Amino acid sequence: MYREVNERTARRRARAGDGIEHELRALLALAASFCDLMLQASLSASLGCLFAVLAGANVWTMLHVSRRSGDHASRTRLIWAHRIGGYTFVLLFCVFFYFMALRLKGVSDELPARLALHILLALLLPPILLVKVLIARYYKQYASALLPLGVTIFALSLALVSMNLVPYVLGGAGSARVPASVSAGVLLTVGIGVGFLLLRRPRLGTLSASAARPNRRTAASEPRPWQSSIRFQLARIDPQTHDTKTLRFVLSEADRLFARPGQFLVFQWKIDGELVPRSYSISSSPAQSAYVEITSKRVPNGHVSAFLNDRAAVGLVVEAKGPFGRFYFDEVRHKRIVLIAGGSGITPIMAMLRYIDDRCLVTPVTLIYCVRTRDDIIFEQELERLRRRLPTFRMVLVLSQPDAAWNGPRGRLSRELLASSVEEPQSSTFFLCGPSPFMVSVQETLQSLDVRSECVTRESFASPRTVGGTLLGAGTAALVEGTAEFVRSGKVCGVPPGKTLLEIAEMHGVEIPSGCRQGRCGTCVTKLLEGDVKMDIEDGLGSGDKAEGCILMCVARPRGYVKVDA
């Protein structure tokens, strides 16, 4: 009997032990499943955060790379970081999209609204990513669209991650009240962040014109960033008139050009094995940072203009320095502008108009464009488009040799036509560009209308004569041989007829920074200590330079003995 009782007790204990073991196994399995779920959720949340962070980092690199224009090494590193981050972002998106498709596989019921919106946002990303990659790799002329596309991708990725991550985080939070100290800490952190953004003054990234120009009296031999050249490759040629073409050059990814609308570049054209420097105004908008356009009009016996119009082909590589020039539009200072162009003088004017269009500025603009015939109107179709597109833009075309069907103004630009075409001339800033006789005539007319000289900015497109390969200007015949003394270098040199002080300095190893070599950029400004010089042009000299007795070495030809601070 006792044995039977013991056997029943042993069987009950065995069954109890089996039950406990089974329950333990069930609990362990449940715990393992829970850990796997938490690990998957945590991994998904981490990858989602990385997805959004990569999109934001790519936008940051695009914004930051524009501040590294002079530091090519930093710009190259940022570009590579942007490229690696971008392709990592695309890889993560493909992984997410694949697993989202697996979850939806076989679902026949109507999807919840949040899930349907999530799928719609995810489907918007592939075409935007494709367009961004194509522009970055193959269509660099549209590079201005990369930043808006990057911001759009960042906004979509942040929305996709937030739609899943925020409910997951809030759903796992407890229902107890948040302590007052935590709330105060959050509000204090937000307040400090907003105050920091409001009170912090960013460092200015631009230099004034006087600061950007080298000071020959303080650092004669210091290397200058503007002395480095930028490589351009010809990507497109567009005919404008029977004798004018626009050439579009693209920049490499490591180069970036920061120009103001109206400035020019100095190109080193290689023609028949010989380097020929020529200055050309930028006719494209500076807002288009991936390419630069110049517009060349064929001139009689023009060596470079004939090459650009007849022989230049897509793929041509050329180096240029710049940008240079004080002839530019500044939307902060110039509230009302009048643009007066003669012939090919429309090229820097076109850069200003395109810039105003790209930036959607509301600056009142009046263009007075003087040409011989209708066939000589450069940018005719685009000017008409801008006239329809810009509400504050007014254009007046003046033909000196019109056809019988022409109903507009004809002949020379007269005082009456200028007075009737310009509203509020005393409060306007005038930009004049064209041949020298045209400029002189217009400036005299403006003086008769009581327009102050400081309100007139001019850019002359002169065609210098050449004698023995040396550029000569008016009055060269009056120059005689002389002597030039370079005080800082300790050299005294003879002056051949027709040579500029810059050419003499280069012949004798005296280093003088130079840019355009046409008296327009002001890079070679140097103080004249003694003697007299003849300058073909003085556009590169400011009022302060003239007061200090400075000269432009590239266009200054000595009359007798001269002494310069170089």
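Everything below is about the structure printed above this text.
Residues numbered from 1 in each chain as written. Predicted model: local features only at pLDDT ≥ 70, side-chain atom pairs only at ≥ 80, totals over all residues. Heavy atoms only, no water.

A. Focus on the overall build of the protein chain. Along the protein chain, the regular secondary structure elements total 13 helices and 18 strands. Scored against the burial criterion, the 566 residues of the protein chain give a buried share of 39%. (Helix = DSSP H or I, 4+ residues; strand = E, 2+ residues; numbered from the N terminus. Buried < 20%, exposed > 50% of the residue type's maximum accessible area, 1.4 Å probe, protein only.)

B. Summary view of unusual backbone geometry. A cis geometry characterises the amide bond from Gly322 onward to Pro323, with omega recorded as 5°. Checked against the element boundaries, Pro323 lands in strand β6 (residues 317–324). Its identity is not glycine, yet Glu424 carries a phi of approximately 55°, on the positive side. Looking at the element boundaries, Glu424 is found in the loop between α10 (415–421) and β10 (429–434). Of note in the backbone geometry, Asp450 takes a positive phi value of approximately 65° without being a glycine. Tracing the backbone through its elements, the reader meets Asp450 in the loop between α11 (436–448) and β11 (456–460).

C. A look at a nonpolar patch on the surface. Taken together, the side chains of Leu91, Val95, Tyr98, Phe99 and Leu102 define a hydrophobic patch exposed on the protein surface, amounting to about 500 Å² of accessible area. Its place among the elements puts Phe99 in helix α2 (residues 72–104). (Patch = residues over 30% accessible without salt bridge, like charges linked within 9 Å, V, L, I, M, F, W, Y side chains within 5 Å. Areas by Shrake-Rupley, 256 points an atom, 1.4 Å probe, with all protein chains shown as cover. Salt bridge = Lys/Arg side-chain N within 4 Å of Asp/Glu carboxyl O.)

D. Focus on the sheet that holds strand β15 (residues 491–495). The five strands lie next to each other as β15-β14-β18-β16-β17, forming an open sheet whose pairing is mixed. Here the strands that pair on one side only, and so sit at the sheet edges, are β15 and β17 (550–552). Neighbour to neighbour, the strand axes of the sheet diverge by 45° on average, direction disregarded. In terms of strand pairing, strand β14 (residues 482–486) meets β15 through five bridges, oriented antiparallel. Bridge pairing in β15 links Glu485 to Val492. (Pairing = 2+ DSSP bridges. Axes fitted to C-alpha atoms, helices over the stretch in contact; angles between N-to-C directions.)

E. Layout of helix α7 (residues 303–311). Along α7, the residues classified as buried are Val304, Ser305, Phe307, Leu308 and Asn309. Those residues of α7 that are buried lie in contact with β2 (244–251), β3 (264–271), β4 (274–281) and β5 (291–297). (Contact = heavy atoms within 4.5 Å.)

F. Representation of the pairing of β4 in the model. In this sheet, β4 lies alongside β3 in antiparallel orientation, the contact comprising eight bridges. Bridged to Leu265 within β4 is Tyr280. In this structure, the hairpin formed by β3 and β4 is closed by a connection of two residues, where Asp272 is found at a positive phi of approximately 55°.

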